[in-house]
Amino acid sequence: MNTTTEKKENDSKPKTTWDGETHIAAKDFSVYYRENEAVKKISIDILAKYVTAIIGPSGCGKSTFLRAINRMNDLIPGCHTKGNLIFDGHNIYGSKIDVVNLRQRVGMVFQKPNPFPKSIFDNIAYGPRLHGITNKAELEELVENSLKKAALWDEVKDRLSKNALGLSGGQQQRLCIARALAIKPEILLMDEPTSALDPKATAKIEDLIGELRTKFTIIIVTHNMQQASRVSDYTAFFYEGILIEYGITNTLFTNPAKKQTEDYITGRFG
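Residues numbered from 1 in each chain as written. Predicted model: local features only at pLDDT ≥ 70, side-chain atom pairs only at ≥ 80, totals over all residues. Heavy atoms only, no water.

## Considering the layout of surface pockets
And then number 1: Its volume calculated, the largest pocket comes out at about 530 Å³.
And then number 2: For the lining of the largest pocket, the leading source of residues is strand β6 (residues 106–109), giving four residues.
And then number 3: In the lining of the largest pocket, the residues fall into twelve nonpolar, six polar and two charged. (1 Å grid on protein atoms, 1.4 Å probe; cavity = no way out; pocket = protein on both sides within 12 Å on 5 of 7 lines; lining within 4 Å. Points joined across faces, edges and corners; volume = space filled by probe spheres on them. Helix = DSSP H or I, 4+ residues; strand = E, 2+ residues; numbered from the N terminus. Nonpolar A, V, L, I, M, F, W, Y, C, P; charged D, E, K, R; others polar.)

Structure representation (structure tokens):
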């Protein structure tokens, strides 16, 4: 699956061919909530600097798998894993993994915007400060660059000292994306990032994903199949904890290999 084909910097359109280097590799990877196997022996290669969408009905293991990538499931009592989830040549669940470092390299944006009750500036600077950056000029540059990457700078540059809770819902979600980008991750996880937003704000987030796709590996969980088809290069279809099909988004949506996939994307169940 790995090739030497490189992605062009100006390639902001979804892929029609399969190429790239593996960034995250799951091999017979399972996630359990006590005795319940929520994700069942998943094997999948997530390619670097592309957008991968994970679709499927509620309760199919999409978010559980996503949260496993930066070990957010560690916070759930009784949650444990089997198999391997490989990042940078190491099992994410290995005993030598530094979870703080992992979460710096693998940022996350949640379903509902969750800005801190602090200023816009302090929201973005929070992570870098935790990681030891205290120089004012460096923090100012980092905040500006992060907000620009999140397409929010022009809207908030004159009110960085204002409370972030005063922003609109769509602006708050872009702020949370900027906050995630401020710690300079390699991978950005997005768990239903537009489900709480109106269509106009959703369109801005989707445009932003398109702009970020050449710089970050993005994995997005979404119930919205139209959104998956618009923003992703590759799509994985989960059902009852099982990976049913995974492939190039355009192919999966127009010519799925599995009847179960076809039934789901055509609305026959789900």
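## Points about helix α1 (residues 62–69)
For an α-helix, 3.6 residues make a turn, and residues three or four places apart therefore share a direction.
And then number 1: Counting buried positions along α1 gives six out of eight residues, so the element sits mostly inside the fold.
And then number 2: Those residues of α1 that fall on the buried side of the exposure criterion are Lys62, Thr64, Phe65, Leu66, Ala68 and Ile69.
And then number 3: Backbone geometry just after α1 places Arg71 at a positive phi near 60 degrees. (Buried < 20%, exposed > 50% of the residue type's maximum accessible area, 1.4 Å probe, protein only.)

## Things to note about the sheet that holds strand β4 (residues 79–87)
Across a sheet, strands are paired by hydrogen bonds formed along the backbone, either parallel or antiparallel in direction.
And then number 1: Read across the sheet, four strands follow the order β2-β1-β4-β5 without closing on themselves; strand pairing throughout is antiparallel. The strands lining the two open edges of the sheet, one partner per strand, are β2 (36–47) and β5 (90–91).
And then number 2: Judged from the eight bridges that link them, strand β1 (residues 22–33) and β2 form a sheet pairing that is antiparallel. Of the residues in β2, the one forming a bridge with Ile24 is Ile46.
And then number 3: Contacts from α1 reach β1, β2 and β4, with the element oriented near 120 degrees to β1. (Pairing = 2+ DSSP bridges. Contact = heavy atoms within 4.5 Å. Axes fitted to C-alpha atoms, helices over the stretch in contact; angles between N-to-C directions.)

## A look at the packing of helix α4 (residues 136–149) against helix α6 (residues 169–181)
And then number 1: One way to put it is that α4 packs onto α6 with a least axis distance of 8 Å and a crossing angle of 130 degrees. The orientation of α4 with respect to α6, classified from their angle, is oblique. Of the two elements, α4 crosses α6, and the hand of that crossing is right-handed. Along the contact surface, α4 presents Ser146, Leu147 and Lys149, while α6 presents Leu175, Ala178 and Leu181. (Parallel < 35°, antiparallel > 145°, perpendicular 65-115°, else oblique. Left-handed = near helix turned anticlockwise from the far one by under 90°.)

## Section: the sheet that holds strand β10 (residues 242–248)
And then number 1: On the basis of which strands lie adjacent, the open sheet formed by six strands has the order β6-β7-β8-β3-β9-β10 and mixed pairing. Two strands close off the open sheet at either side, each with one partner strand: β6 and β10. On average, each strand axis in the sheet is inclined to that of its neighbour by 15 degrees, with strand direction left out of account.
And then number 2: Summarising the sheet, β6 and strand β7 (residues 187–191) pair through four bridges and their orientation is parallel. Within β7, the position partnered with Val109 by the bridge is Met190.

## Some thoughts on the confidence of the model for the chain
Reading predicted coordinates in detail is not appropriate for stretches of low pLDDT.
And then number 1: A residue-level look at the chain finds 93% of positions with pLDDT of 70 or above and a mean pLDDT of 92.
And then number 2: Below a pLDDT of 50 lies the segment residues 1–10, which in the model reaches 19 contacts outside its immediate sequence neighbourhood of four places, other chains included. (pLDDT = per-residue confidence, 0-100.)

## Thoughts on the packing of aromatic side chains
And then number 1: The final tally for this structure, using the stated rule, is six aromatic pairs.
And then number 2: Ring centres of Tyr50 and Tyr234 lie 5.6 Å apart, and the angle between their planes is 90 degrees; on these two criteria the pair is classed as edge-to-face. Residue Tyr50 is located in the loop between β2 and β3 (51–55), and its partner Tyr234 is located in strand β9 (residues 234–239); the two are separated by 184 residues in the primary sequence. Tyr234 shares its class with Tyr50; the two are buried.
And then number 3: Their ring planes at 50 degrees and their centres at 5.8 Å tell us that Phe65 and Phe238 sit as a pair that is tilted. Of this pair, Phe65 sits in helix α1 while Phe238 is found in strand β9, placing the two residues 173 residues apart along the sequence.
And then number 4: Owing to a relative accessible area of 0%, Phe65 belongs among the buried residues under this scheme.
And then number 5: Feature note: the residues Phe29, Phe65, Tyr93 and Phe238 constitute an aromatic cluster, connected by ring pairs.
And then number 6: One residue, Arg179, lies across the ring of Phe116, its end atom 4.1 Å from the ring centre. (Phe/Tyr/Trp six-rings, centres within 6.5 Å; stacked < 30°, edge-to-face > 60°. Lys NZ or Arg CZ within 6 Å of the ring centre and 35° of its normal.)

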